[in-house]
Amino acid sequence: MAERILNVYSKSITSPWLFDDLKMHFQKLDLKGIRIITSQYPDQNADAWIAIRTTEAILSPNVEKTVVCIHDLYDHDNIYQPNGLRGIVHKVKGLVLCHPDQKKILLRNGVSITNKNILERPIGALSAFHPGSNKPEKFTIAWIGRNHWRKRISWFIKAIQQLELPKTEFKIILLGKGIEESGAFLQSLGFNCEIYPKENYPITTYPNLYRKMNCLVITSSTEAGPLTLFESLATGKPVISTKVGWAPIIDVGNTEAITLVDTPLEISKAIKALYLKNKRDFYNPDEISRLMNDYTLEDWIKEVVALAYSLITKTEMVSLE
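A few points on the structure. Note that the coordinates shown come from a computational prediction; the quantities given were computed from them, not determined experimentally.

This brings us to the sheet that holds strand 11 (residues 239-242). Here 6 strands make up an open sheet; going across it, the order is 9-8-7-10-11-12 and the pairing parallel. Of all the strands in the sheet, the pair left with one neighbour each is strand 9 (193-197) and strand 12 (258-261). Taking the axes of each pair of neighbouring strands and ignoring which way they run, one obtains an average angle of 20° across the sheet. Sheet topology places strand 7 (residues 139-146) next to strand 8 (residues 170-177); 8 bridges connect them, and they run parallel. Each bridged residue has a counterpart across the sheet, and for T140 the counterpart in strand 8 is K171. Its contacts with the sheet put helix 4 (residues 180-188) on strand 8 and strand 9, and the angle it makes with strand 9 is roughly 170°. Across the sheet, helix 6 (residues 227-234) is in contact with strand 7, strand 10 (215-218), strand 11 and strand 12; its angle to strand 10 comes to roughly 165°.

In structure tokens, the structure reads:
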């Protein structure tokens, strides 16, 4: 059988950086009979295409052999109407959904899914995210992401300011894009805050950085993941999160792993509760990490490729194992 070419594409823009990281992971995949090429624009010579950014699926040479990924829960300005920014989802034959509510959004906007091959599962975390053997010397609170209004880093700052703990008892980690100003502000208030700009710390450094923390705080107003939730849990670190993405879904029956909050004050109280529990070694990192066994990014990559390959072979989703 002739080698099949799958093209994974997305433009490289300032944000979100996730898409460039995903292209890198697709490129690493080694499968017999399939060659994966990555690019900013569709390669005209490919056999099938994977549009990582939803709006860019319209650039594909053949929508019948195109998989489009949806990474958020946006549903505004008629973006999923046939003439909207994401109207191409009506025509493509492959859809990758990373949250159950995305299907509801599509159906609400008249997108027929009966004639499409669909992959529905969270992206998950790389297998490199796993618990380490060393416990952080000082209780360490992390916020990870990009400084965007939907991420609400201001909530994290308010929570830290309201935290009823001596400043000498804890440390803060800020990791991501555009976090330098927030980190400098916390430092000016006398907090021990380490700043890790995304530009200097690629994804390969993340697992060790996660192991340096005791908990992750997620303050987003809307998310379909978020990826940091899966990375933190895979590393065995509990999460304090607003009720976004998969946090309320995974939270069922796993109260040690995830604490759901609605306000900066609730975040502050949850941090203090974790601090006190941490002094008593209240949780088992391996047990938290096992929650993510079925959600590895490597498996997600393989399943997306299998979905694209099925568009070439005109079959249901195939296994590439």
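Residues I153, W155, F156, I157, A159 and I160 constitute the buried set of helix 3 (residues 153-162). If you follow the buried residues of helix 3, they end up packed against strand 7, strand 8, helix 4, strand 10, strand 11 and helix 8 (264-278).

Further remarks concern the pattern of salt bridges. Under the criterion given, the structure shown has 14 salt bridges. In this structure, D21 engages K198 in a salt bridge whose closest nitrogen and oxygen atoms are separated by 3.2 Å. Residue D21 is located in helix 1 (residues 18-28), and its partner K198 is located in the loop between strand 9 and helix 5 (206-211); the two are separated by 177 residues in the primary sequence. What makes D21 buried here is its relative accessible area of 13%. Owing to a relative accessible area of 11%, K198 belongs among the buried residues under this scheme.

Bringing the nonpolar core into the picture now. Grouped together as the largest cluster of nonpolar side chains are 56 residues, with contacts concentrated most on F26, L229, L233 and W300. Broken down by element, the residue count for this core peaks at 10 residues, all from helix 10 (residues 297-313). Ignoring sequence-local partners within four residues, the contact set of L233 consists of V239, I250, A257, I258, I288, S289 and M292. Residues I157, I172, I179 and I271 belong to the second largest nonpolar core, which totals 27 residues.

Right, let's talk about the pairing of strand 3 (residues 48-51) for a bit. By the alternation rule, side chains of strand 3 split into A48 and I50 and W49 and A51, which are all buried. Bridging between strand 1 (residues 4-9) and strand 3 involves 4 bridges; their strand directions are parallel. Across the sheet, L6 pairs through a bridge with A48, a residue of strand 3. Looking at chain direction, strand 3 and strand 4 (residues 66-70) are connected through 3 bridges and run parallel. Bridging across to strand 4, W49 finds its partner in T66.

Bringing the packing of helix 1 against helix 10 into the picture now. The contact between helix 1 and helix 10 brings their axes to 10 Å, and the two run at 75°. Looking at the two axes, helix 1 sits roughly perpendicular to helix 10. Only L297, W300, I301, V304 and V305 of helix 10 make contact with helix 1, whose side of the interface consists of L22, H25 and F26. A class-by-class count of the residues in the contact of helix 1 with helix 10 yields 7 nonpolar, 1 polar and no charged.

The rules behind the values
- Residues numbered from 1 in each chain as written.
- Predicted model: local features only at pLDDT ≥ 70, side-chain atom pairs only at ≥ 80, totals over all residues.
- Heavy atoms only, no water.
- Pairing = 2+ DSSP bridges.
- Helix = DSSP H or I, 4+ residues; strand = E, 2+ residues; numbered from the N terminus.
- Axes fitted to C-alpha atoms, helices over the stretch in contact; angles between N-to-C directions.
- Contact = heavy atoms within 4.5 Å.
- Buried < 20%, exposed > 50% of the residue type's maximum accessible area, 1.4 Å probe, protein only.
- Salt bridge = Lys/Arg side-chain N within 4 Å of Asp/Glu carboxyl O.
- Core = buried A, V, L, I, M, F, W, Y, C linked by side-chain atoms within 4.5 Å.
- Parallel < 35°, antiparallel > 145°, perpendicular 65-115°, else oblique.
- Nonpolar A, V, L, I, M, F, W, Y, C, P; charged D, E, K, R; others polar.

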